[in-house]
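# Reading the structure
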Amino acid sequence: EREREREREREWTRERERQEQQQKQQLEQQERQQEQRLLGSSDWVSDQVAIEGCVVTADDFPCDFGASAAKGRRCTWLSESTGMQIEAQYYVDIQSAHFILTTGGQVCPQEIPIRLIEDIYTIDDGEACFPGHILACLTQEEKARLFLIEYIVDSSQTPASVYLLEASRSALVDLLKCLQEFTVL
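## Description of the sheet that holds strand β9 (residues 158-165)
- Strand order in this open sheet of seven strands is β6-β5-β4-β3-β9-β8-β7, and the pairing throughout is antiparallel. Because the sheet does not close on itself, it has two edges, and the strands there are β6 (110-113) and β7 (117-122). Along the sheet, successive strands turn relative to each other by an average axial angle of 30°, direction set aside.
- Strand direction decides the pairing type here: strand β5 (residues 98-102) and β6, joined by four bridges, are antiparallel. Note that in β6 the partner of F99 across the bridge is I112.

So, in structure tokens, the structure goes:
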């Protein structure tokens with residue numbers, strides 16, 4: 001009886017590892033596809049894009065951060081309803097001026113036109129900006145990396161939001177600067 005239980009546990013562990021490997025492979029494939037879409041055959045650093053009558057180049061963004069945001073940066077998506085955390089990746093596509101969030105197939109990808117971002121909140125704006133059940137799941141260090149993007153869904157003009165954890169506090173600051181460049185122009 002114990003041997004059967006151990007075997008079931010080993011099978012469950014193998015299945016979980018297989019699923020995790022599939023998720024990792026899907027995320028890597030999405031990263032490659034996104035990078036190809038964003039970068040094309042030219043170096044994105046030399047590209048320019050007109051946004052609301054102004055020209056934006058990679059030089060307008062924090063140096064290393066702009067390149068990594070264009071290629072994709074790992075983050076954590078938090079379910080608004082449950083606080084569940086899912087590995088994700090976001091891109092800042094300077095060509096289309098979109099913030100793109102992917103989660104390896106667990107949640108539908110979101111493409112947010114940066115011009116439709118209403119506000120971005122961090123813990124510095126106060127804990128009242130975030131649901132208690134989300135804050136309860138986070139450590140102090142994670143709270144420092146937490147941010148909320150509120151935006152308008154383009155087609156329906158419906159308000160929407162997404163909760164994310166950036167990899168580090170400094171990366172969060174750089175992301176906010178990057179997105180602010182689009183909204184200031």
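## Notes on the pattern of salt bridges
- Counting across every chain of the model gives 11 salt bridges.
- R10 is paired through a salt bridge with E7; the nearest N and O atoms lie 3.0 Å apart. Highlighted residues: R10 and E7, both in helix α1 (residues 2-39), separated by three residues, approximately one helical turn.
- On the basis of relative accessible area, R10 is assigned to the partly exposed category, the value being 36%.
- The class for E7 is partly exposed, based on a relative accessible area of 29%.
- Between D124 and R169 there is a salt bridge, with its nearest N and O atoms 2.2 Å apart. Linking D124 in the loop between β7 and α3 (132-136) with R169 in helix α5 (residues 169-184), this pair joins segments that are 45 residues apart in sequence.
- A residue is classified by how much of its surface remains accessible, and D124, at 56% relative accessible area, is exposed.
- Bridged by salt links that share partners, the residues E3, R6, E7, R10 and R14 form one connected network.

## What to know about the nonpolar core
- Core analysis: the biggest nonpolar cluster contains 21 residues, and V92, F99, L101, I149, V162 and L164 have the highest contact counts within it.
- Elements with a minimum of two residues in this core: β3 (73-78), β4 (85-93), β5, β7, β8 (146-153), β9 and α5.
- If sequence neighbours within four positions are ignored, L164 has contacts with C75, T76, W77, L78, F99, L101, R145, L146 and F147.

## Details of the environment of W77
- Locating W77 in the fold gives a position in strand β3.
- The exposure class assigned to W77 is buried, which follows from its relative accessible area of 12%.
- C-alpha of W77 to C-alpha of E166: the two residues are 89 residues apart in sequence and 9.1 Å apart in space.

## Points about the confidence of the model for the chain
- Across the chain, pLDDT averages 77, with 72% of residues at or above 70.
- Ranking the helices and strands of the chain by mean pLDDT puts helix α4 (residues 140-145) first, with 95, and strand β1 (residues 48-51) last, with 36.
- The model gives residues 35-58 a pLDDT under 50, and that stretch makes 42 contacts with residues more than four places away or in other chains.

## Thoughts on the environment of E15
- Looking at the element boundaries, E15 is found in helix α1.
- We classify E15 as partly exposed; its relative accessible area is 32%.
- At a separation of 2.4 Å, a polar atom in the side chain of E15 contacts the side chain of R18.

## With respect to the pairing of β8
- With six of its eight residues buried, β8 lies for the most part within the structure.
- Summarising the sheet, β7 and β8 pair through five bridges and their orientation is antiparallel. Each residue of the ladder has a partner; that of I117, found in β8, is Y151.
- One ladder, built from eight bridges, connects β8 with β9; its direction is antiparallel. Within β9, the position partnered with L148 by the bridge is Y163.
- The turn linking β8 back onto β9 is made up of four residues, and Q157 within it adopts a positive phi angle of 60°.

About the thresholds
Residues numbered from 1 in each chain as written. Predicted model: local features only at pLDDT ≥ 70, side-chain atom pairs only at ≥ 80, totals over all residues. Heavy atoms only, no water. Pairing = 2+ DSSP bridges. Helix = DSSP H or I, 4+ residues; strand = E, 2+ residues; numbered from the N terminus. Axes fitted to C-alpha atoms, helices over the stretch in contact; angles between N-to-C directions. Salt bridge = Lys/Arg side-chain N within 4 Å of Asp/Glu carboxyl O. Buried < 20%, exposed > 50% of the residue type's maximum accessible area, 1.4 Å probe, protein only. Core = buried A, V, L, I, M, F, W, Y, C linked by side-chain atoms within 4.5 Å. Contact = heavy atoms within 4.5 Å. pLDDT = per-residue confidence, 0-100. Polar contact = N/O pair within 3.5 Å; in protein donor to acceptor, adjacent residues only side chain to side chain.

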